[in-house]
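The residues making up each chain are set out below.
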Amino acid sequence: MEIIGDVVKYEMDGDHRLHLSTAAARARITLYGKSTFRIQMCRPNEVFGDTGYACPTLPPPTAFDFSEKDGALTVETETARLIIHTAPLRLRFETLDGTVLSEDDPGLGTVWDGTEVTTYKTLQPGERFFGLGEKTGGLDKAGKQYKNWNTDAFGYGHNTDPLYVTCPFYMGLSHDRPYGIFLNNHSQTVFNFGAANDRFSFFSAARGEMDYFFFAGPEPSDILRDYTELTGRADLPPLWSLGFQQCRYSYYPEAEMLRVAKGFRDLDIPADVIYFDIHYMQDFKVFTWHGEHFPDPASLIAKLKSMGFRVVVILDPGVKVEEGYEAFDEGTARDVFVKYPDGKPYRGAAWPGWCQFPDFTDADVREWWAENVARMAEAGVDGFWNDMNEPAVWGHFTPDIVQFSLEGKGGSHKDAHNVYGMQMARATAKGARKALKGKRPFVLTRATFSGGQRDSAVWTGDNYADDTHLLLGARMVSGMGISGFPFAGNDVGGFTGDASAALYKRWMAYSAFHPLMRAHTMINSKQAEPWSFGEECTEAARNYINLRYRLMPHLYSLFYEASQNGMPPVRSLLFRFYHEWKVFSTDFENQFMLGEHLLICPVRAEAEFAKVYLPEGRWYGFFNDAVYEGGREHVVELQRDTIPVFMQAGGILPEQSAVKYTAEAHDGILRLHVYAGGEGSYTLYEDDGETADGVSLKRDISHREGHLKIGAGEGGYTSNFDKVRVYFHGSNPQNVSVNGVPLEIRKKDFRFLNAISNFDPYETYPEAAKVIEQLPFAEFSNNGEAAEITFS
């Protein structure tokens with residue numbers, strides 16, 4: 001074991017990087033922008049890495065100066081300070097007022113033990129830790145240890161680790177100041193946040209250099225912006241992928257698939273996507289169709305599309321070893337499969353039997369895979385669902401000696417494992433883009449790595465139908481958002497086990513506000529379509545899915561924001577309210593925001609009351625306009641179909657009329673809900689919902705008491721709306737005008753859900769009935785023009 005020692009030499013190079021040498025190691029420090037530091041450490045005979053799978057491109061380094069005093073070098077930027085102690089080499093990151101963000105443990109620093117390298121950080125009093133992507137447990141990870149090694153974790157428990165996704169990035173709160181750390185290493189990594197000790201946290205990599213980025217903020221949104229500036233941001237997805245998605249392992253034969261699709265339309269339940277799980281394939285062989293179950297897939301797909309459905313098919317990486325099977329023969333001829341060191345192909349057992357596995361870390365192999373994907377897309381398939389791509393084989397352990405290209409650098413399974421699923425999704429997205437000819441692809445993956453958000457959405461794998469997973473799913477999606485993955489969700493109702501009607505309704509309720517809303521369940525289990533739990537559940541599900549479609553302008557605008565600055569649609573309360581420690585309590589850690597002002601509070605299946613925490617400010621009950629003061633806890637009475645949802649004063653919420661699928665035309669009226677008691681701003685985004693890099697329209701909207709301003713549209717797209725209707729929550733204006741022209745004030749019996757099943761807000765909240773029944777609104781023609789609305 002070697003501990004990094006004293007600095008014996010330091011110098012700046014011509015690329016604005018500071019190099020430091022000790023007897024045991026070399027270090028290199030690079031600055032990007034105002035608040036991102038890259039720290040690299042390796043043995044003297046090793047070479048520093050540059051770009052990689054997480055960061056395929058990097059901006060030019062930022063020039064910086066340093067001062068020297070009392071054996072320490074100090075680098076100061078506009079937002080933070082790095083102090084480099086030289087005897088021994090230890091790093092301290094702090095704010096400009098001297099508050100410690102993160103500092104190396106003085107006795108340990110960075111340590112090598114064989115090939116493993118670890119950096120130890122002194123635990124700060126009350127330090128909190130968030131992120132790491134898809135992790136179980138609480139939202140705050142303090143006191144826990146986590147391993148990153150993508151794993152097929154069927155029916156995982158509430159503390160199972162590791163799971164399917166590796167994201168070695170976290171945000172910390174030190175002395176109530178946020179910071180972020182990304183360990184840029186895709187071998188097996190471990191993060192200890194003070195587990196079993198009161199001295200340090202640490203992060204370690206089993207192989208390779210110590211290479212981490214430190215983000216000094218100062219706000220969580222700044223940290224996420226800077227992190228996604230390096231690792232990439234999700235492109236705007238196709239609009240249809242934000243609609244409700246229905247899946248089962250599996251719908252077959254063709255008649256069953258059509259029965260399910262027809263069920264949605266007959267029962268007036270909105271839906272956009274239906275999935276083909278593994279039984280659509282002939283003997284589970286990838287890139288095939290089952291000749292008996294689906295004898296004419298093109299005709300079936302056409303029928304589904306005529307009903308307004310998009311089709312997503314599953315793809316597994318294992319290619320069955322079978323001569324005469326086109327994918328195997330072609331893959332063998334093009335040498336796409338991974339091998340042992342002696343050149344023999346590696347074979348592992350999966351759904352089709354013995355399989356060989358493409359080397360997705362090779363550009364030529366990704367091209368081969370993309371060509372096969374493109375052929376399926378050209379036949380009418382709209383989206384692709386990558387499964388079993390940890391990679392998963394029966395027995396769960398791919399031999400470590402299996403060799404991979406790693407873009408020509410060469411390496412073993414130890415080096416490639418955590419990026420295998422990510423590179424499969426990359427290849428799948430490439431093929432879809434090729435076939436879609438300018439339209440946006442939809443790829444859903446089970447396994448991925450940091451940066452995988454560039455090519456795919458993620459779902460949280462094989463969850464279970466119980467209250468624990470109901471609430472865990474909310475935390476996991478929040479954690480994915482903290483970690484740069486904006487498009488995430490879980491299987492509504494649970495994949496394994498049988499959901500009760502109560503569980504399904506409560507799961508459906510909060511999932512209506514999630515980025516990905518997909519119901520999915522396992523073979524030989526209870527059906528999980530919305531009508532499978534009785535008439536009452538059908539009505540509740542219909543209403544919540546309708547609500548999602550009515551909120552589509554909001555959801556779509558949030559996805560546009562994610563494509564620009566990395567902020568996810570679903571946001572942990574960490575982003576805005578980290579100064580209020582109660583938001584991290586186990587009582588309230590499941591709560592999340594959809595955007596800046598809409599707060600959702602998931603609850604257990606059979607809960608009759610819910611304790612919620614509302615951060616500082618004034619809040620409105622979403623379904624009844626009841627007013628609540630923030631900065632305190634509230635106990636809310638529930639009906640069986642409801643969950644607590646609140647809107648913050650000053651907020652602006654856009655809405656459209658309900659539709660049965662996203663391509664169906666709405667009524668052309670943009671509804672803007674404006675909540676009195678504060679100020680707010682909003683950017684509304686529109687485009688055709690499918691063209692990559694197409695024309696668009698952006699409108700900035702701002703609100704303060706008595707005034708609503710809608711900016712002129714920017715961009716060449718013609719708005720989908722030709723009227724604007726403004727609803728005034730918390731105020732009762734007697735005069736409303738637009739651009740100086742008086743408007744008629746009308747009043748409406750308004751409810752967002754048109755009454756959830758068995759839920760009458762007037763009966764439950766009689767004090768709010770008058771407010772709701774007399775909710776005022778005004779309407780005017782507008783097709784993207786600027787508008788100044790005043791009201792008093």
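All values reported here derive from a predicted model rather than from experimental measurement.

Asks: Whenever I open this one, the packing of helix H8 (residues 501–511) against helix H9 (residues 535–550) confuses me. Can you help?
Replies: A pair of packed helices is characterised by two quantities: the angle between their axes and the separation of those axes. One way to put it is that H8 packs onto H9 with a least axis distance of 9 Å and a crossing angle of 5°. Classed by the angle they form, the pair H8 and H9 counts as roughly parallel. From H8, Ala501, Tyr504, Lys505, Met508, Ala509 and Ser511 reach across to H9, where they touch Glu536, Cys537, Ala540, Ala541, Tyr544, Ile545 and Arg548. Split into classes, the residues belonging to the contact of H8 with H9 amount to 9 nonpolar, 1 polar and 3 charged.

Asks: Teacher, can you tell me more about the nonpolar core here?
Replies: One broad rule of soluble globular proteins: the nonpolar side chains tend to lie buried together. The biggest cluster of nonpolar side chains holds 178 residues, and the ones touching the most others in it are Leu315, Trp369 and Phe513. By residue number, the principal contributor to this core is helix H6 (residues 413–436), which donates 9 residues. Those residues in contact with Leu315 that sit more than four places away from it in its chain are Tyr280, Val286, Phe287, Trp369, Val373, Met376, Phe384, Trp385, Asn386, Asp387, Met424 and Thr428. With 38 residues, the next largest nonpolar core counts Ala25, Phe93, Ala205 and Met210 among its residues.

Asks: Sorry, what's going on with the sheet that holds strand E26 (residues 353–356) here?
Replies: Strand pairing in a sheet is mediated by backbone hydrogen bonds. Such pairs are either parallel or antiparallel. Across the sheet, which stays open at both edges, the 3 strands sit in the order E24-E26-E25 with antiparallel pairing between neighbours. The open sheet terminates on both sides in strands that have one partner only, identified here as strand E24 (319–320) and strand E25 (348–350). Where E25 lies against E26, 3 bridges are found, and the strand directions are antiparallel. Its bridge partner being in E26, Ala349 is matched across the sheet by Trp354.

Asks: Whenever I open this one, the pattern of salt bridges confuses me. Can you help?
Replies: Should the charged atoms of two oppositely charged side chains come close, the side chains can pair. Here the structure, examined in full by the defined rule, presents 53 salt bridges. For Asp211, the salt bridge is made with Arg38, and the minimal N-O distance between the two is 2.7 Å. With Asp211 in strand E20 (residues 210–215) and Arg38 in strand E5 (residues 36–42), the pair connects residues that are 173 residues apart, well separated along the chain. For Asp211, a relative accessible area of 2% puts it in the buried group. In this structure, the salt-bridge partner of Asp687 is Arg440, at a minimum N-O distance of 2.7 Å.

Asks: Could you clarify how one ought to interpret the pairing of strand E12 (residues 116–122) in this entry?
Replies: Across a regular strand the side chains alternate sides, sitting on one face of the sheet and then on the other. Within E12, 6 of the 7 residues are buried, which leaves the element mostly enclosed by the surrounding structure. Two strands pair when backbone bridges link them, and strand E11 (residues 110–113) and E12 are joined in this way by 4 bridges, in the antiparallel orientation. Of the residues in E12, the one forming a bridge with Trp112 is Val117. Where E11 hands over to E12, the hairpin turn is made up of 2 residues, of which Gly114 adopts a positive phi near 65°.

Asks: Where do I start with the packing of helix H4 (residues 326–333) against helix H5 (residues 363–378) in this structure?
Replies: Where H4 contacts H5, the two axes come as close as 11 Å, and the packing angle between them is 150°. As far as their axial angle goes, H5 and H4 are roughly antiparallel. Judged by the twist between their axes, the crossing of H4 over H5 is right-handed. From H4, Ala327, Glu330 and Gly331 reach across to H5, where they touch Trp368, Asn372 and Arg375. Of the residues that constitute the contact of H4 with H5, the class distribution is 2 nonpolar, 2 polar and 2 charged.

Asks: Just checking my understanding: could you explain H6 for this structure?
Replies: The periodicity of an α-helix, 3.6 residues per turn, causes residues three or four places apart in sequence to face the same way. Between its terminal C-alpha atoms H6 stretches 33 Å, which fits the 34 Å expected from 24 residues at 1.5 Å a residue. Along its length, H6 shows its largest kink, about 50°, at Val419. The buried fraction of H6 is high, at 19 of 24 residues. The positive-phi residue at the C-terminal boundary of H6 is Lys437, with phi of around 50°.

Asks: Help me understand the state of the cysteines in this model?
Replies: Note: disulfide means a covalent bond formed between the sulfur atoms of two cysteine side chains. Scanning the entire structure with this criterion turns up 0 disulfides. The thiol of Cys55 is not disulfide-bonded; the next cysteine sulfur, from Cys167, is found 11 Å away.

Asks: Looking at this structure, how should I read the layout of surface pockets?
Replies: If a probe the size of a water molecule is rolled over the atoms, the empty space left behind becomes visible. Taken as a whole, the largest pocket encloses approximately 930 Å³ of empty space. Lining the largest pocket are 37 residues, with Thr51, Gly52, Asn184, His186 and Lys409 sitting closest to its centre. When contributions to the lining of the largest pocket are tallied by element, the ones reaching two or more residues are E5 and H6. Per-element accounting of the lining of the largest pocket gives the leading share, 4 residues, to H6. Looking at the lining of the largest pocket, its residues break down into 9 nonpolar, 14 polar and 14 charged.

Asks: Can you walk me through unusual backbone geometry in this structure?
Replies: Omega for the peptide link from Tyr252 to Pro253 comes to 0°, which places this bond in the cis form. Here the residue pair Glu390 and Pro391 is connected by a cis peptide bond, since its omega of 0° sits within 30 degrees of zero. The phi dihedral of Lys437 is positive, around 50°, even though this residue is not glycine. Mapped onto the fold, Lys437 is located in the loop between H6 and strand E30 (442–445).

Asks: Just checking my understanding: could you explain the environment of Ser557 for this structure?
Replies: Mapped onto the elements, Ser557 comes out in helix H10 (residues 552–565). Accessibility expressed as a relative area gives 3% for Ser557, which makes it buried. Considered as a pair, Ser557 and Leu236 are 321 residues apart in the sequence and their alpha carbons are 9.6 Å apart. Excluding its chain neighbours within four sequence positions, the residues that come into contact with Ser557 are Tyr682, Thr683, Leu684 and Tyr685. Of note is the side chain of Ser557, whose polar atom sits 3.0 Å from the backbone nitrogen of Tyr685.

Asks: Sorry if this is basic, but what is going on with the sheet that holds strand E16 (residues 169–174) here?
Replies: Taken in spatial order, the 8 strands line up as E2-E3-E4-E5-E20-E17-E16-E13 in an open sheet, and their pairing is antiparallel. Each edge of the sheet is formed by a strand with only one pairing partner; in this case those strands are strand E2 (9–12) and strand E13 (128–131). Sheet twist, expressed as the mean angle between neighbouring strand axes with direction ignored, is 20°. Alignment of strand E17 (residues 177–183) against E20, held across 4 bridges, turns out to be antiparallel. Bridged to Phe182 within E20 is Phe213.

Asks: Help me understand helix H3 (residues 297–306) in this model?
Replies: Among all positions of H3, only Pro297, Leu300, Ile301 and Leu304 are buried. Across the axial projection of H3, the buried residues extend over an arc of 100°, all falling on one side. Buried residues along H3 sit in contact with helix H2 (254–266), strand E22 (273–276) and strand E23 (310–315). Backbone geometry just after H3 places Gly308 at a positive phi near 90°.

Asks: Which parts of the structure should I look at to understand the side chain of Gln245?
Replies: Here Gln245 is to be found in strand E21 (residues 245–246). Judged by relative accessible area, which is 0%, Gln245 ranks as buried. At a separation of 2.4 Å, a polar atom in the side chain of Gln245 contacts the side chain of Tyr275. Among all residues touching Gln245, those that are not within four sequence positions of it are Val273, Tyr275, Phe442, Leu516, Met517, Arg518 and Ala519.

Asks: Would you mind going over the packing of aromatic side chains with me for this structure?
Replies: Centre-to-centre distance and the angle between the planes together describe a pair of aromatic rings. A complete count under the given rule lists 61 aromatic pairs for this structure. Between the aromatic rings of Tyr560 and Tyr685, the centroid separation amounts to 4.0 Å while the plane-to-plane angle is 5°, which identifies the pairing as stacked. Placement of Tyr560 in helix H10 and of Tyr685 in strand E46 (residues 680–686) is noted, with a sequence separation of 125 residues between them. Like Tyr560, the residue Tyr685 is buried in the burial classification. Among the aromatic residues, those joined into a ring-pair cluster are Phe37, Phe93, Phe129, Tyr170, Tyr179, Phe191, Phe193, Phe203, Tyr212 and Phe214. The cationic tip of Arg518 hangs over the ring face of Tyr275; the distance from NZ or CZ to the ring centre is 4.9 Å.

Each value, and the rule that gives it
Residues numbered from 1 in each chain as written. Predicted model: local features only at pLDDT ≥ 70, side-chain atom pairs only at ≥ 80, totals over all residues. Heavy atoms only, no water. Axes fitted to C-alpha atoms, helices over the stretch in contact; angles between N-to-C directions. Helix = DSSP H or I, 4+ residues; strand = E, 2+ residues; numbered from the N terminus. Parallel < 35°, antiparallel > 145°, perpendicular 65-115°, else oblique. Contact = heavy atoms within 4.5 Å. Nonpolar A, V, L, I, M, F, W, Y, C, P; charged D, E, K, R; others polar. Core = buried A, V, L, I, M, F, W, Y, C linked by side-chain atoms within 4.5 Å. Buried < 20%, exposed > 50% of the residue type's maximum accessible area, 1.4 Å probe, protein only. Pairing = 2+ DSSP bridges. Salt bridge = Lys/Arg side-chain N within 4 Å of Asp/Glu carboxyl O. Left-handed = near helix turned anticlockwise from the far one by under 90°. Expected span 1.5 Å × (residues − 1). Bend = angle between axes of the 7 residues up to and from the residue. Disulfide = S-S within 2.5 Å. 1 Å grid on protein atoms, 1.4 Å probe; cavity = no way out; pocket = protein on both sides within 12 Å on 5 of 7 lines; lining within 4 Å. Points joined across faces, edges and corners; volume = space filled by probe spheres on them. Polar contact = N/O pair within 3.5 Å; in protein donor to acceptor, adjacent residues only side chain to side chain. Arc of directions from axis to C-beta. Phe/Tyr/Trp six-rings, centres within 6.5 Å; stacked < 30°, edge-to-face > 60°. Lys NZ or Arg CZ within 6 Å of the ring centre and 35° of its normal.

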